[in-house]
Amino acid sequence: MAVVDPLIELRDVNKFYGQLHVLQDINLTIGRGEVVVVIGPSGSGKSTLCRTVNRLESIESGTITIDGQPLPEEGKGLAALRADVGMVFQSFNLFAHKTVLANVSLAQIKVRRRKKDEADRRSRELLERVGLASQADKYPAQLSGGQQQRVAIARALAMDPKVMLFDEPTSALDPEMINEVLEVMQQLARDGMTMVVVTHEMGFARSAANRVVFMADGRCIEDRAPEDFFNHPESDRAKDFLSKIL
Ligand code: ADP
Ligand code: MG
């Protein structure tokens, strides 16, 4: 689909794990402020796609640019890139021995070089935004899974990223905690954050996404508005997938 103001562009991206051609000729543009939901069967390359965008994984061919800049290979540029690309995973990976506040402040101090006071102030603002202002002095184990994931979102936002990547952020949560995380994500989307979201939450895709990208076997097979995709999937792979999950 045509994108007005591209923030992320993948051109002819190919990636292999040994013999496995895990990303095949991926061409994908994410516009500034867009919310793109990526769905597809397990093993189709969704996580790998996310991990190539913040250069946790290298690619064999093609180009990836963020805000007009090609992804750096290594060094300082790479740290800056990672700070610009917020990432939230299925497992929240908070530091168990640090308070919620310290978890959100840490990378601000180390990577963004903020003073502790300034970082803590920003952390409190963000904890407020994700509905956890009162939990700042607790430790991760004292929080529910949904609360921990909201801390992880606040931590990623604290770097002032240009884009947020979410890789199945609610898949590890008990059902009653899924909505509190999705609501935070909905609000972020309404506030204009550029987001790439791998999820099986089709309600979120329908209500928050500008586009749905359907992946299968390492390829982006469909890239369409959510109502088109859900009501009229074109490919047999997408029809088959939707018939299993809806
Ligand atoms: P998805 O997130 O859509 O389930 P992944 O991107 O995790 O898919 O994986 C795509 C394919 O790549 C799968 O076949 C998976 O087994 C394989 N794969 C993922 N990570 C690695 C790795 N580090 N080494 C080798 N194969 C991998
Ligand atoms: Mg995955």
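Predicted model, so just to flag it, every value in this text is computed and none were measured.

S.K.: Would you mind going over the sheet that holds strand 2 (residues 20-31) with me for this structure?
M.R.: Strand pairs in the sheet, formed through backbone hydrogen bonds, run parallel or antiparallel to each other. One open sheet accounts for four strands, arranged 2-1-4-5; its pairing is antiparallel. Pairing within the sheet leaves two strands with one partner each, and these edge strands are strand 2 and strand 5 (69-70). Direction of pairing for strand 1 (residues 6-17) relative to strand 4 (residues 61-66): antiparallel, over a ladder of five bridges. Of the residues in strand 4, the one forming a bridge with Leu 10 is Ile 64.

S.K.: How do you make sense of the site of ligand 1 when you look at a structure like this?
M.R.: Residues in close proximity to ligand 1 include Tyr 17, Leu 20, Val 22, Pro 41, Ser 42, Gly 43, Ser 44, Gly 45, Lys 46, Ser 47 and Thr 48, which together make up its full environment. Ser 44 is positioned such that a nitrogen or oxygen atom in its backbone is 3.2 Å from an oxygen atom of ligand 1. Separating an oxygen atom of ligand 1 from a side-chain N or O atom of Lys 46 is a distance of 2.7 Å. If ligand 1 stood free it would expose 560 Å²; the protein chains cover 58% of that surface. Secondary structure elements with two or more residues in the shell around ligand 1: strand 2 and helix 1 (46-53). When residues of the shell around ligand 1 are assigned to their parent elements, the largest contribution, three residues, is made by helix 1. Here the residues of the shell around ligand 1 are counted per class, giving four nonpolar, six polar and one charged.

S.K.: Where do I start with unusual backbone geometry in this structure?
M.R.: Outside of glycine, negative phi angles account for most residues, and trans bonds account for most peptide bonds. Notably, Arg 113 is not glycine yet its phi reads approximately 60°, a positive angle. Mapping Arg 113 onto the fold places it in the loop between helix 3 (100-110) and helix 4 (116-129). A relative accessible area of 69% places Arg 113 in the exposed class. Phi at Asp 217 takes a positive value of approximately 50°, unusual for a residue other than glycine. Tracing the sequence through the fold places Asp 217 in the loop between strand 9 (211-216) and strand 10 (219-224).

S.K.: Teacher, can you tell me more about the environment of Met 202 here?
M.R.: Following the sequence through the fold, Met 202 ends up in helix 7 (residues 202-208). With 44 residues separating them in the primary sequence, Met 202 and Leu 246 have C-alpha atoms 8.2 Å apart. Every residue in contact with Met 202, bar those within four places of it in the chain, is listed here: Ile 39, Phe 230, Ile 245 and Leu 246.

S.K.: Explain the UniProt feature "domain: ABC transporter" (unreviewed entry) in the protein chain here, please?
M.R.: Under the present numbering, the feature "domain: ABC transporter" (unreviewed entry) in UniProt falls on residues 8-242. Along residues 8-242, the helical share is 39% and the strand share 26%, with 27 Å between the first and last C-alpha atoms.

S.K.: How should I be thinking about the sheet that holds strand 8 (residues 194-198) in this particular structure?
M.R.: The sheet built from six strands is open, its strands ordered 6-7-8-3-9-10 with mixed pairing. Looking at strand neighbours, the two that pair on one side only are strand 6 (85-88) and strand 10, the edges of this open sheet. Taken pair by pair, the neighbouring strands of this sheet meet at an average axis angle of 20°, ignoring direction. Running over the sheet, helix 6 (residues 175-190) touches strand 3 (35-39), strand 7 (163-167) and strand 8 and is turned about 145° from strand 8. The strands touched by helix 9 (residues 236-245) within the sheet are strand 3, strand 9 and strand 10, with strand 9 carrying the most contacts at an inclination of about 100°.

S.K.: Please explain the nonpolar core as it appears in this structure.
M.R.: When a protein is soluble and globular, its nonpolar side chains tend to lie buried together. Judged by nonpolar contacts, the single largest core of 49 residues is most densely connected at Leu 127, Ile 153, Met 164, Phe 166, Met 185 and Met 195. Broken down by element, the residue count for this core peaks at eight residues, all from helix 6. Val 36, Val 53, Leu 78 and Val 213 belong to the second-largest nonpolar core, a separate cluster that totals 26 residues.

S.K.: Would you explain the packing of aromatic side chains in this entry?
M.R.: Any pair of aromatic rings gets described here by the distance separating the centres and the angle formed by the planes. Scanning the model with the defined rule gives three aromatic pairs in all. A ring pair is formed by Phe 214 and Phe 241, whose centres lie 5.5 Å apart and whose planes are at 50°; its orientation type is tilted. Of the two residues, Phe 214 sits in strand 9 while Phe 241 sits in helix 9, which places them 27 residues apart along the sequence. Accessibility assignment for this pair places Phe 214 and Phe 241 in one class, buried. Taken together, the aromatic side chains of Phe 214, Phe 229, Phe 230 and Phe 241 make up a single cluster linked through ring pairs. Positioned over the ring face of Tyr 17 is Lys 15, at 4.8 Å from the centre of the ring.

Thresholds applied
Residues numbered from 1 in each chain as written. Chains lettered and ligands numbered in written order. Predicted model: local features only at pLDDT ≥ 70, side-chain atom pairs only at ≥ 80, totals over all residues. Heavy atoms only, no water. Pairing = 2+ DSSP bridges. Helix = DSSP H or I, 4+ residues; strand = E, 2+ residues; numbered from the N terminus. Near = heavy atom within 4 Å. Polar contact = N/O pair within 3.5 Å; in protein donor to acceptor, adjacent residues only side chain to side chain. Areas by Shrake-Rupley, 256 points an atom, 1.4 Å probe, with all protein chains shown as cover. Nonpolar A, V, L, I, M, F, W, Y, C, P; charged D, E, K, R; others polar. Buried < 20%, exposed > 50% of the residue type's maximum accessible area, 1.4 Å probe, protein only. Contact = heavy atoms within 4.5 Å. UniProt positions renumbered as here; feature names shortened; annotations may be inferred. Axes fitted to C-alpha atoms, helices over the stretch in contact; angles between N-to-C directions. Core = buried A, V, L, I, M, F, W, Y, C linked by side-chain atoms within 4.5 Å. Phe/Tyr/Trp six-rings, centres within 6.5 Å; stacked < 30°, edge-to-face > 60°. Lys NZ or Arg CZ within 6 Å of the ring centre and 35° of its normal.

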